[in-house]
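Observations on the model geometry
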Amino acid sequence: MNQQQDQNALTGLAEGDSQAWRMFLEGVIPRLYGMLLKSWPNPSLAEELLQKTVFDAVRGRNTYDFQKGSAEEWIFGIARNNIRLEIRKRANRPGIDGDISIYLELLDTEPLPDEILEKSETAEIVRNALAGLDDKEQTVLKAKYLEELSAAQIAGRLEITEKAVHDLLYRARNSLRDRLKQLARSNIQE
């Protein structure tokens, strides 16, 4: 876009012209998402930051000054600010203690509840949750995540099929997640 087209487009954006916004966002969203995904390889967080960026742009549409740069540069600046804000927000969160990073990999389909992540004794809570699982669930989780064995290797060790290993891992992760939620609730109430 040249500067005149950019100014005309932003005039439409500033006036809330939905067609102008649609055209502008259709061109910029894929590149914005790509930039955000490079900063946060977690697709759901990249999507959240993208939504926040678009919302901030719509809300602050009157702050754009075409003499300072293009509309694309402006919205990318908003995205970079949102990345910096997210970094600061995460830096202020309490750190994870112990060797908890190993256990966090157990829940690769859903994150741990915020109540657990905010506790300083997180590693102990996860160890207690693991200890509360039945032996087969503990065995399969330890083999997969601590020993880093493949499903085929675990199947050979336990003398079961790979499908049975995947089913057992699924059930074990759900059991661990439920146990962690129970422990989180009981710790919050104490």
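Throughout what follows, the structure given in this document is the object of discussion. (Residues numbered from 1 in each chain as written. Predicted model: local features only at pLDDT ≥ 70, side-chain atom pairs only at ≥ 80, totals over all residues. Heavy atoms only, no water.)

The next point concerns the environment of Arg157. Relative to the elements of secondary structure, Arg157 occurs in helix α9 (residues 151-158). Classification of Arg157 by relative accessible area gives partly exposed; the value is 47%. Separated by 17 residues in sequence, Arg157 and Val140 place their C-alpha atoms 9.9 Å apart. For Arg157, the residues in contact, after removing those within four places along its chain, are Ala143, Glu147 and Leu149. In this structure the side chain of Arg157 is engaged in a polar contact, spanning 2.8 Å, whose partner is the side chain of Glu147. (Helix = DSSP H or I, 4+ residues; strand = E, 2+ residues; numbered from the N terminus. Buried < 20%, exposed > 50% of the residue type's maximum accessible area, 1.4 Å probe, protein only. Contact = heavy atoms within 4.5 Å. Polar contact = N/O pair within 3.5 Å; in protein donor to acceptor, adjacent residues only side chain to side chain.)

To continue, consider helix α3 (residues 43-59). With 17 residues, α3 extends 24 Å from end C-alpha to end C-alpha; this agrees with the ideal 24 Å at 1.5 Å per step. Restricting attention to buried positions, one finds in α3 the residues Leu45, Ala46, Leu49, Leu50, Thr53, Val54, Asp56 and Ala57. (Expected span 1.5 Å × (residues − 1).)

The next point concerns unusual backbone geometry. Note on backbone geometry: most residues besides glycine have negative phi, and most peptide bonds are trans. The backbone of Glu148 shows a phi angle near 55°, a positive value even though the residue is not glycine. Position of Glu148 relative to the elements: it lies in the loop between α8 (135-146) and α9. At Glu159, a residue that is not glycine, the phi angle is positive and equals roughly 60°. Examined against the element boundaries, Glu159 turns out to sit in the loop between α9 and α10 (162-189).

Generally speaking, soluble globular proteins have nonpolar side chains that are buried together. With 22 residues, the main nonpolar core has Phe24, Leu25, Val28, Leu32, Leu36 and Ile75 as its most contacted residues. The set of elements that each furnish at least two residues to this core consists of α2 (18-39), α3 and α4 (71-91). Not counting the four nearest positions on each side in its chain, Leu36 is found in contact with Ala46, Leu49, Leu50, Ala79 and Ile83. Core analysis: the second largest hydrophobic core is formed by 20 residues, Val126, Leu130, Val165 and Leu176 among them. (Core = buried A, V, L, I, M, F, W, Y, C linked by side-chain atoms within 4.5 Å.)

At a closest axis distance of 10 Å, the pairing of α2 and α3 adopts a crossing angle of 140°. In terms of orientation, α2 and α3 fall into the oblique class. For α2 against α3, the interelement crossing comes out right-handed. On α3, the residues touching Trp21, Leu25, Ile29, Leu32, Tyr33, Leu36 and Leu37 of α2 are Pro43, Ala46, Glu47, Leu49, Leu50, Thr53, Val54, Ala57 and Val58. Considering only residue class, the contact of α2 with α3 consists of 14 nonpolar, one polar and one charged. (Axes fitted to C-alpha atoms, helices over the stretch in contact; angles between N-to-C directions. Parallel < 35°, antiparallel > 145°, perpendicular 65-115°, else oblique. Left-handed = near helix turned anticlockwise from the far one by under 90°. Nonpolar A, V, L, I, M, F, W, Y, C, P; charged D, E, K, R; others polar.)

For the rest of this paragraph, the subject is the pattern of salt bridges. Here the structure, examined in full by the defined rule, presents five salt bridges. Between Asp56 and Arg59 there is a salt bridge whose closest N-O contact spans 3.0 Å. Taken as a pair, Asp56 and Arg59 lie in helix α3 at a separation of three residues, close to a single helical turn. On the basis of relative accessible area, Arg59 is assigned to the exposed category, the value being 57%. In this structure, Lys163 and Asp167 form a salt bridge, with 3.0 Å as the shortest nitrogen-oxygen distance. Highlighted residues: Lys163 and Asp167, both in helix α10, separated by four residues, approximately one helical turn. We classify Asp167 as partly exposed; its relative accessible area is 31%. In the salt-bridge network here, residues are joined through shared partners; they are Lys52, Asp56 and Arg59. (Salt bridge = Lys/Arg side-chain N within 4 Å of Asp/Glu carboxyl O.)

Moving on: the packing of α8 against α9. The geometry of α8 relative to α9 is characterised by a closest axis approach of 10 Å and an angle of 140° between their N-to-C directions. When the axes of α8 and α9 are compared, the pair comes out oblique. Along this stretch, α8 crosses α9, giving a crossing that reads as right-handed. On α9, the residues that touch Thr139, Val140, Ala143 and Lys144 of α8 are Ile154, Arg157 and Leu158.

Let's shift gears to α9. For α9, the complete set of buried residues consists of Ala151, Ile154 and Ala155. One side of α9 holds all its buried residues, which, seen down the axis, span an arc of 105°. Of the residues trailing α9, Glu159 is marked for its positive phi of about 60°. (Arc of directions from axis to C-beta.)

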